[in-house]
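Coordinate analysis (summary)
Residue-level listing of the chains:
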Amino acid sequence: MAGVGAVATQAMVEVSYGPRCLARLNAGDDATVALDEVRRADEGSAVRQVAVVDAGGTVATHTGPLCIDYAGHVAGQQYSVQANMMASPEVWPAMAATYQSATGPFPQRLLATLRAGEAAGGDARGRMSAAVLVVDGKRHDHPGQGVLVDVRVDQHDAPLDEIDRLLRTADAFDHCDRAEQALFGGDPADALRQVDLALAALPGDENARFLRAGALMVAGRPEAGVDELRALITGRPSWAVVVRSFVTSGQLPLPEGVDLADLTGPG
């Protein structure tokens, strides 16, 4: 929960640890108090593995004595790594060491940490799934707000490779969002810069190309914008429906001399 904290619950999982611990953090408890109180009410805590990090950086962890080997955790400074049913007891120490030394954007640091766990032996049952969830540090009016990255892969032979692809995709669409904000904010130059960064991450992405066409028109390059629209429609004729709707609603003004029917066909 953005501005509140993070909870990871696993092993013989009791999913209510997540919302219940977050509720206590949101009410003012720190991570240690929150986890202790929720564990106290759980008769099955011996088979649970849970970690809580609050927004102030306090860390609380629990690996029950009946968790399946190899199982353990590292409670670091403002972070926790935990693992169970691993092929090696080196998994969670390797994850902690990599997290502390990794550089770059935070989601990529998390991915590097997961890869380190895989390299140290990973899940004893083989590869199955992976997920990355990142929120910002600001409290919001609604619990769902503040989510920066939320990607997951289930039942995949190479889930971390797929997570890597999804993180790059998420980054590209973040640039698209910034481009839209710049465009509606009257800064077409920044809109073009942002959408070009998106296309560098996802070459040929059609949504980014459509956004770029609009930015080109607003930036005083209408011919280039129309050319991009024509190319989109040629490659995928159903783009004509989208372009026609934007134009007729006044959200995409065509340059003088460009006929809508000529561009999109009859509709």
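The notes below deal with the structure included here. (Residues numbered from 1 in each chain as written. Predicted model: local features only at pLDDT ≥ 70, side-chain atom pairs only at ≥ 80, totals over all residues. Heavy atoms only, no water.)

Structural notes on unusual backbone geometry
The phi angle of most residues is negative, glycine excepted, and most peptide bonds adopt the trans form. Using the following cut-off: Secondary structure is summarised from DSSP: a helix means a run of H or I of at least four residues, a strand means a run of E of at least two, and numbering begins at the N terminus for each.
In this structure, the amide linkage connecting Asp-69 to the following residue, Tyr-70, adopts the cis form with an omega of -10°. Tracing the chain through its elements places Tyr-70 in the loop between strand 3 (59–63) and strand 4 (72–76). One non-glycine residue, Gln-78, lies in the positive phi region at around 65°. Here Gln-78 shows up in the loop between strand 4 and strand 5 (79–83). Even without being a glycine, Met-85 presents a positive backbone phi close to 55°. You can see Met-85 is positioned in the loop between strand 5 and helix 3 (91–101).

Some details on the sheet that holds strand 3
Here is the rule: Should DSSP find at least two bridges between two strands, the strands are taken to pair. To define axes, lines are fitted to C-alpha atoms, for helices over the stretch in contact only, and angles between the resulting N-to-C directions are given on a 0 to 180 degree scale. Contacts are assigned to residue pairs that have any heavy atoms within 4.5 Å of one another.
One open sheet holds the three strands; their spatial order is 1-2-3, and the pairing between them is antiparallel. The open sheet has two edge strands, strand 1 (5–11) and strand 3, and neither has a second partner. Ignoring strand direction, the axes of neighbouring strands in this sheet form an average angle of 5°. Helix-sheet contacts for helix 1 (residues 17–27) involve strand 1 and strand 2 (48–54), and the interaxial angle to strand 1 is about 155°. Here helix 2 (residues 31–40) sits on the sheet and contacts strand 2 and strand 3; the angle it forms with strand 3, its principal contact strand, is near 30°.

Structural notes on the packing of aromatic side chains
The way to describe two aromatic rings as a pair is by their centre distance and the angle between their planes. Test applied: Geometry of aromatic contacts follows a simple scheme: Phe, Tyr and Trp rings, the Trp one being its six-membered ring, pair when their centres are within 6.5 Å, and the pair is stacked under 30 degrees between planes, edge-to-face over 60, tilted otherwise. Here, a charge over a ring means that NZ of Lys or CZ of Arg falls within 6 Å of the ring centre while also lying within 35 degrees of the ring normal.
Taken as a whole, this structure holds four aromatic pairs when the rule is applied. Ring centres 6.4 Å apart and planes at 85° place the aromatic pair Tyr-99 and Phe-106 in the edge-to-face group. By way of ring pairs, the aromatic residues Tyr-79, Tyr-99 and Phe-106 are connected into one cluster. Sitting above the plane of the Tyr-99 ring, Arg-109 keeps its charged end 4.7 Å from the centroid.

Focus: the pattern of salt bridges
To be explicit about the condition: Salt bridges are defined as contacts in which a side-chain nitrogen from Lys or Arg sits within 4 Å of a carboxyl oxygen from Asp or Glu.
For the structure shown, the criterion picks out 16 salt bridges. Residue Arg-165 pairs with Glu-162 through a salt bridge whose shortest N-O separation is 2.6 Å. Of this pair, Arg-165 and Glu-162 both sit in helix 5 (residues 159–184), three residues apart, roughly one helical turn. Connected via shared salt-bridge partners are Arg-115, Asp-161, Asp-164 and Arg-168.

Concerning helix 9 (residues 239–248)
Selection criterion: A 1.4 Å probe rolled over the protein chains alone gives each residue an accessible area, and that area as a share of the maximum for its type sets the label: buried under 20%, exposed over 50%, partly exposed in between. This arc is taken over the directions from the axis of the helix to the C-beta atoms.
Considered for burial, the residues of helix 9 that qualify are Trp-239, Ala-240, Val-243, Arg-244 and Val-247. Taken down its axis, helix 9 places every buried residue within 130° of arc, on the same side. Immediately downstream of helix 9, the backbone of Gly-250 shows phi near 85°, a positive value.

Looking at the packing of helix 7 (residues 206–218) against helix 8 (residues 222–235)
As a reminder, the rule being used: Roughly parallel covers angles under 35 degrees, roughly antiparallel covers those over 145, roughly perpendicular covers 65 to 115, and oblique covers all other angles. A clockwise turn of the near helix away from the far one marks a right-handed crossing, whereas an anticlockwise turn of less than a right angle marks a left-handed crossing. Each residue gets one of three labels, nonpolar for Ala, Val, Leu, Ile, Met, Phe, Trp, Tyr, Cys and Pro, charged for Asp, Glu, Lys and Arg, and polar for the others, Gly among them.
At a minimum axis separation of 7 Å, helix 7 and helix 8 run at an interaxial angle of 155°. As judged from the angle between their axes, helix 7 and helix 8 are roughly antiparallel. Judged by the sense of rotation from one axis to the other, the crossing of helix 7 with helix 8 is left-handed. Packed against helix 7, whose contacting residues are Glu-206, Arg-209, Phe-210, Ala-213, Leu-216 and Met-217, the element helix 8 presents Pro-222, Ala-224, Gly-225, Val-226, Glu-228, Leu-229, Ala-231 and Leu-232 at the interface. Looking at the contact of helix 7 with helix 8, its residues break down into ten nonpolar, one polar and three charged.

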